[in-house]
Amino acid sequence: MKTDIKSMYESELADMLAKMGEPKYRAAQVFKWLQSGVKSFDEMTNISKNLRQKLVQNCHISSAAIEKKLISAYDDTEKYLFSFADGEMVESVLMKYHHGYTSCISTQVGCKMGCTFCATGKSGFARNLTASEMLSQLQSEQQDNNIRISNIVLMGMGEPLDNFDNVIRFLKLVSNENGMNIGMRHISLSTCGLVPRIYELADMKLQLTLSVSLHAPNDQIRSRTMPVNRKYNIGQLLEACRYYAKSTGRRISFEYAMIDGVNDSDACAKELGERLKGMLAHVNLIPVNSVSGTGYKKSKRERMQRFINILSGSGITATVRRTLGSDINASCGQLRRSAADERMKKGEIS
Ligand code: SAH
Ligand code: SF4
């Protein structure tokens, strides 16, 4: 097994290179090359041929190859299907805002959490992504468009807090000033609510924005749509969120997918307002994306507006999240699913 060199911190590279008899400053050079997205050691032009050969023998540079790319006809949103060395695939979405480019990346191939409205949840779990595979999604998008990404959201496939160590490693690498240098304040992490991990993250005091996928005002509804709620209920989750907001001073962003007739009634809005009262919070309402086989439909515009009005009566600000690339987006997990279906038809995978 060759070493996954792009997942290494500069200090770890320094230790490895020292063992190869290299001077200290080499680590900074190699780190910069890797974080800039080179795909081979030969591109490291200020490194001796001899060292490059040693690195080729011992290490590999992971990359995210573009399998498919969809461009929205409505805006500049681009959706990518990437494949890694072992053939596993994930999705990522690149969005253009007035303040720059935001990339939504995946943290796992699939997901174990099984939310009933989610295409990723429906396809099961294959494996965790490494830190370098998360970086590679960003690097491929930058190279493909000749741009710099300024914001990141961990809202693609997978549950980031279920791949905690690799995600933390990724966050430290991507925010490193000798690397992509994207500050924590420009990064959001979305979780379905793995309570112990939220405490752990809070104690690290990173200046990340935490997004919590709430999607229901009470345990009865939430446990039906999000199995994770049977392990960590809303009371426990909101307590962890309060702790996060207090320890980091950061406002929590609650995601709420509006599903027609499931979680969008006036009573739901009132209950949600009561539960979030007094919290440093913002609610993002998202019309649920219909995923085949779920039977869920998005709430009507008027219903969403009414929901917002009721929440604001409790002092909670809520907005409807702008849906970019709605023609190509469906929801994360769908592109991979359809690619898998195509390959299955061709008999490539079973
Ligand atoms: N696992 C993490 C992050 C990835 S999912 C989480 O659940 O938060 C990213 C966001 O998309 C989450 O808020 C999730 O609830 C939401 N989502 C999943 N399927 C959706 C759908 N069909 N319609 C709208 N939002 C959806
Ligand atoms: Fe996993 Fe998030 Fe989808 Fe739930 S919504 S199945 S946690 S990716």
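Residues numbered from 1 in each chain as written. Chains lettered and ligands numbered in written order. Predicted model: local features only at pLDDT ≥ 70, side-chain atom pairs only at ≥ 80, totals over all residues. Heavy atoms only, no water.

## Details of the pairing of strand β11 (residues 209-213)
Thought 1: Most of β11 sits out of view: five of its five residues are buried.
Thought 2: Burial along β11 is two-sided: Thr209, Ser211 and Ser213 facing one way and Leu210 and Val212 facing the other are all buried.
Thought 3: Pairing of strand β10 (residues 187-191) with β11 involves four bridges; the strand directions are parallel. Looking at the pairing, Ser188 lines up with Thr209 of β11.
Thought 4: Handedness of the β10-helix α7 (residues 195-204)-β11 crossover: right-handed.
Thought 5: Sheet analysis places β11 next to strand β12 (residues 252-258), joined by three bridges and oriented parallel. (Buried < 20%, exposed > 50% of the residue type's maximum accessible area, 1.4 Å probe, protein only. Helix = DSSP H or I, 4+ residues; strand = E, 2+ residues; numbered from the N terminus. Pairing = 2+ DSSP bridges. Right-handed = clockwise from strand over helix to strand, strands pointing away.)

## Re the site of ligand 1
Thought 1: In the vicinity of ligand 1 there are 17 residues, among which Phe117, Ser190, Ser213, His215 and Asn289 approach most closely.
Thought 2: Here Phe117 contributes a backbone N or O atom positioned 2.9 Å from a nitrogen atom of ligand 1.
Thought 3: Measuring from an oxygen atom of ligand 1, one finds a side-chain N or O atom of Ser190 at 2.6 Å.
Thought 4: Surface burial for ligand 1 is 91%, taken as the share of its 530 Å² of free accessible area covered by protein chains.
Thought 5: Per-class residue counts for the shell around ligand 1 are seven nonpolar, eight polar and two charged. (Near = heavy atom within 4 Å. Polar contact = N/O pair within 3.5 Å; in protein donor to acceptor, adjacent residues only side chain to side chain. Areas by Shrake-Rupley, 256 points an atom, 1.4 Å probe, with all protein chains shown as cover. Nonpolar A, V, L, I, M, F, W, Y, C, P; charged D, E, K, R; others polar.)

## What about the side chain of Ser247?
Thought 1: Here Ser247 is to be found in helix α9 (residues 234-248).
Thought 2: In this structure the side chain of Ser247 is engaged in a polar contact, spanning 2.5 Å, whose partner is the backbone oxygen of Tyr243.
Thought 3: When near neighbours in sequence (up to four residues on either side) are disregarded, Ser247 contacts Ala202 and Lys205. (Contact = heavy atoms within 4.5 Å.)

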